[in-house]
Amino acid sequence: MNFEFSDDQKLLKEQARGFLASKCSAKEVRRILDGNEPYHPELWKGVAEMGWLGASIPEEYGGLGLGYLELCVIAEELGRAVAPIPFSSTVYLFAEAVLIAGTEEQKQKYLPKVSEGAIIGALALSEGAGAVTPKTIKTSVAGGRLTGVKLPVTDGDVADYAVVAARTGAGNDEGSISLFIVDMKAGGVTAEAVDTVDPTRSHAKVSFDGAGAEPLGAAGQGWAILDKVFDRAAVLYAFEQVGGSQAALEMARDYAMGRYAFGRPIASFQAIKHKLADMYVATELARSNSYYGAWALSTDAPELAIAAATARVSATEAYHECSKENIQVHGGMGFTWEFDCHLHYRRSKVLSLVLGSLPRWKDRLISRLEERNAA
Amino acid sequence: MDFNDTPQEADFRAQARAWIAANRPTDWQNKTGRDVDGIAMSKAWQKKKYDAGWACIHWPQEYGGRGATPIERVIWSQEEGELGQLGGVFIIGQGMCAPTIMAHGSEAAKQRHVPKIASGEEIWCQLFSEPGSGSDLAGLRTRAEKQGDEWVINGQKIWTSGAHYADFGIVITRTDPTVPKHKGLTMFYLDMRSPGVTVKPIKQVSGRSDFNEVYFADVRIPDSQRLGAVGDGWKVSLTTLMNERLAVGGGFPTNFEEMFELTKVIEGEDGPAIEDQSVREKLADWYIRAAGLRNTQNRMMSALSRGQAPGPEASISKLVLGINRQNMASTMLDIQDTYGVISQKDLAVNGGQFHEIFFRAVAHRIEGGTDEILRNIIAERVLGLPGDIRVDKDLPFNNIPTGAN
């Protein structure tokens, strides 16, 4: 048994951190937050040049074929840096869906373009407030044409291609849903950016009006494919969340060491020390669970479904805890636009929702444990 | 990253599994081993393991172990499984006292006692806390005075687990009250049946008596039973405390499976409790913490196997487990609704298992360092935050103000 990343993987992590420190400072993140650009194009280009987009894509499809552990390491650093790029949509969601369900032809068509950074991908599910279930999906396909409105779609306004879940059957069950790849720049698609809690990650309202739709996977298999995509993405998002938690914890610690009140650094008060200790504990538990998820992902272990939900729940809770308590440690300064605390507070909430909310993942975890025990 | 056994580990696991299958006690029925009536069974199982080379396997061979790697230790405990609970009565001796003796005792003390701790022949206790010094351990007042080649001990200890059945104990005393409090301490070990030692069990909130008060009235012990130099007791005690957090944090089951099964059979408002969304969320909360602790331990073991020393990170385990066991037990009683008040074993759900945890967790959050002390340790030693202000740090001990004067 060895429950650590290898020396090569640690080296990759250091390189990623160094690269992001120089190209993705808080100032650069703020450029996207304050401006009108949906993402940071130079950073996107740099990330593509580093090969990160194709880290886990097999070499036969133009990727580096390194593996998922390497992608996890990169994800942690992207989360730490609050990177304002459509990485997760393109790599964890779009590329994974194509890898899982695509035909050989589809893989050849899309994955090399993902690897080289030539296209941005997205996944379009939600159509309104409340849980995303087969029942709530109204978007439908008739005669190869897709019609409906998806809201919100992460990176929907910048994506070149999106995987879209649509109704193809009469029932309300999982079998009534199929997946399609849609060319977002072709006719019949309009995307309109919407305001969200985290402007560093773009979201859109996407309307399909008879858009061309290319089936991804067999008809009626949409939900089953999404389940697999979600399990894998949950682990990768968890690493982003762990990276964010760690960064928020360090930000709080550094501030508490330098800020004096009552003649002492506030870091010397037990109330603050204990808060930071709790943030550390939450982060470490999430990290450990994410490591287990990384192992399950990299070996495609039968435990993946449970490991992924465990990582997702604990990393979501850790990032929430660290990002909000970081602001609390900063006091009034933490509540200002000028300080960077809110970058993590925003990102934490977006990451906790993009793949389904915390209560839904807790429910999913228990369902998985019930299935395991019944087997 | 690889969870599969290496060929050597697989071989070790197979050996351990085969030996346990052939030798495990057949009449063992969830006895915790901490009960006095379970001690005989605990001792028998421990001796059997010792004779076959499976006791305290990570200790050096010369002291009764087999010099096993940290990973082998994990494999052993996985294979021993719930049977490991029979070792509860030895946790203090094996987890805290023996490492302290191995680090600070004389060669004679090591040869004489450590193998007997490994074999279960001797049960040890740890005499640290006092009525006036719990978290502020260095404020202790039990005195040891040198008379010729002997030391004479007077004073009182409290919260001493297992003192009522322990054969020996390690005791920290004040040998010089005229210097600052951390500097005047000295550690010894003693026979718990020495003249002048009185043990009085304390009745706890649970109604059980796991802990004791221990009184010393002119207890005489030879200088050869000193651990470390005179005045070095604080340093010696840190060895014990660091090992304590490792031993205590890892020694409790998470009980997730029992909890999970129970929510399937107890009725909620609309079907089994597990179908209730709030119950599912609480189950998930407990599961991710239990899994987080297990995976954190795996990370620690991987680090140890690479030759890294165990760090203050071990404090996470006891902190998380204590708080969460308490909340988990409370939730499990909630699920029973009004019936949850019944703790009588023959009527209570699961034989009152969750009622026991409900009360035992109270102590878990205090013993071996309170939640607050553990948070301080994490804050100061892991995160590098400033130490608490200690106004008595440089005062001679006998000048430190107390509430009593």
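The preceding data block contains the structure.
Q: Would you mind going over the overall build of chain A in detail, with residue names and values included?
A: On a plain count of helices and strands, chain A comes out with 11 helices and 10 strands. Its C-alpha radius of gyration of 21 Å places chain A within 12% of the 21 Å reference for a compact globule of 375 residues. With the principal axes as the frame, chain A shows a C-alpha extent of 75 × 50 × 40 Å. Looking at chain A residue by residue over its 375 residues, the buried ones come to 59%. Taking all contacts inside chain A whose residues are at least 6 apart in sequence as the whole, residues at least 24 apart take part in 74%. When the accessible surface of chain A is totalled, it reaches about 14,100 Å², and 53% of it is carbon and sulfur. Here chain A holds 38 positive side-chain charges and 47 negative ones, and the gap between their average locations is 5 Å.

Q: Any chance you could break down the packing of helix H2 (residues 39-51) of chain B against helix H5 (residues 107-119) of chain B for me, citing the residues and the numbers?
A: When two helices pack together, their arrangement is captured by the angle between the axes and the distance separating the axes. All names here are of chain B. Running from N to C, H2 and H5 point in directions that differ by 115 degrees, and their axes come no closer than 7 Å. Looking at the two axes, H2 sits roughly perpendicular to H5. In contact with Lys43, Gln46, Lys47 and Tyr50 of H2, H5 contributes Pro115, Ala118 and Ser119. The class makeup of the residues in the contact of H2 with H5 is 3 nonpolar, 2 polar and 2 charged.

Q: I'd like a description of the interface of chain A and chain B, backed by residues and values.
A: Each partner contributes residues to the interface: chain A has 47 residues there, and chain B has 52 residues. Here chain A packs against chain B, burying approximately 4,600 Å² in sum over the two surfaces, 61% of which is carbon and sulfur. Taken together, the connections running from chain A to chain B amount to 9 salt bridges. Between Asp278(A) and Arg375(B) there is a salt bridge, with the nearest N and O atoms lying 2.7 Å from each other. For the pair chain A and chain B, the interface holds 23 residue pairs in polar contact (both at pLDDT 80 or more). Sorting the residues of the side of chain A that touches chain B by element identifies helix H1 (7-23), helix H7 (222-258), strand E10 (264-265), helix H8 (270-299), helix H9 (304-330) and helix H11 (358-374) of chain A as the ones contributing at least two each. Considered class by class, the residues forming the side of chain A that touches chain B number 23 nonpolar, 10 polar and 14 charged.

Q: Give me the lowdown on the side chain of Glu79(B), citing residues and values where you can.
A: Within the secondary structure, Glu79(B) is located in helix H3 (residues 70-80). Among the polar contacts made by the side chain of Glu79(B), one reaches the side chain of Arg17(B) at a distance of 2.8 Å.

Q: How would you explain a nonpolar patch on the surface if you had to name every residue and give the values?
A: Residue and element names in this part refer to chain B. Judged by side-chain polarity, Val205, Phe358, Phe359, Val362 and Ile366 come together as a nonpolar surface patch covering roughly 410 Å² of accessible area. With respect to the helices and strands, the residue Ile366 is situated in the loop between helix H10 (353-364) and helix H11 (371-382). The exposure class assigned to Ile366 is exposed, which follows from its relative accessible area of 52%.

Cut-offs and rules
- Residues numbered from 1 in each chain as written.
- Chains lettered and ligands numbered in written order.
- Predicted model: local features only at pLDDT ≥ 70, side-chain atom pairs only at ≥ 80, totals over all residues.
- Heavy atoms only, no water.
- Helix = DSSP H or I, 4+ residues; strand = E, 2+ residues; numbered from the N terminus.
- Rg over C-alpha atoms; globule rule 2.2 N^0.38 Å.
- Buried < 20%, exposed > 50% of the residue type's maximum accessible area, 1.4 Å probe, protein only.
- Contact = heavy atoms within 4.5 Å.
- Areas by Shrake-Rupley, 256 points an atom, 1.4 Å probe, with all protein chains shown as cover.
- Lys, Arg positive; Asp, Glu negative; His and termini not counted.
- Charge placed at Lys NZ, Arg CZ, Asp CG, Glu CD.
- Axes fitted to C-alpha atoms, helices over the stretch in contact; angles between N-to-C directions.
- Parallel < 35°, antiparallel > 145°, perpendicular 65-115°, else oblique.
- Nonpolar A, V, L, I, M, F, W, Y, C, P; charged D, E, K, R; others polar.
- Buried area = accessible area lost by both parts, 1.4 Å probe.
- Salt bridge = Lys/Arg side-chain N within 4 Å of Asp/Glu carboxyl O.
- Polar contact = N/O pair within 3.5 Å; in protein donor to acceptor, adjacent residues only side chain to side chain.
- Patch = residues over 30% accessible without salt bridge, like charges linked within 9 Å, V, L, I, M, F, W, Y side chains within 5 Å.

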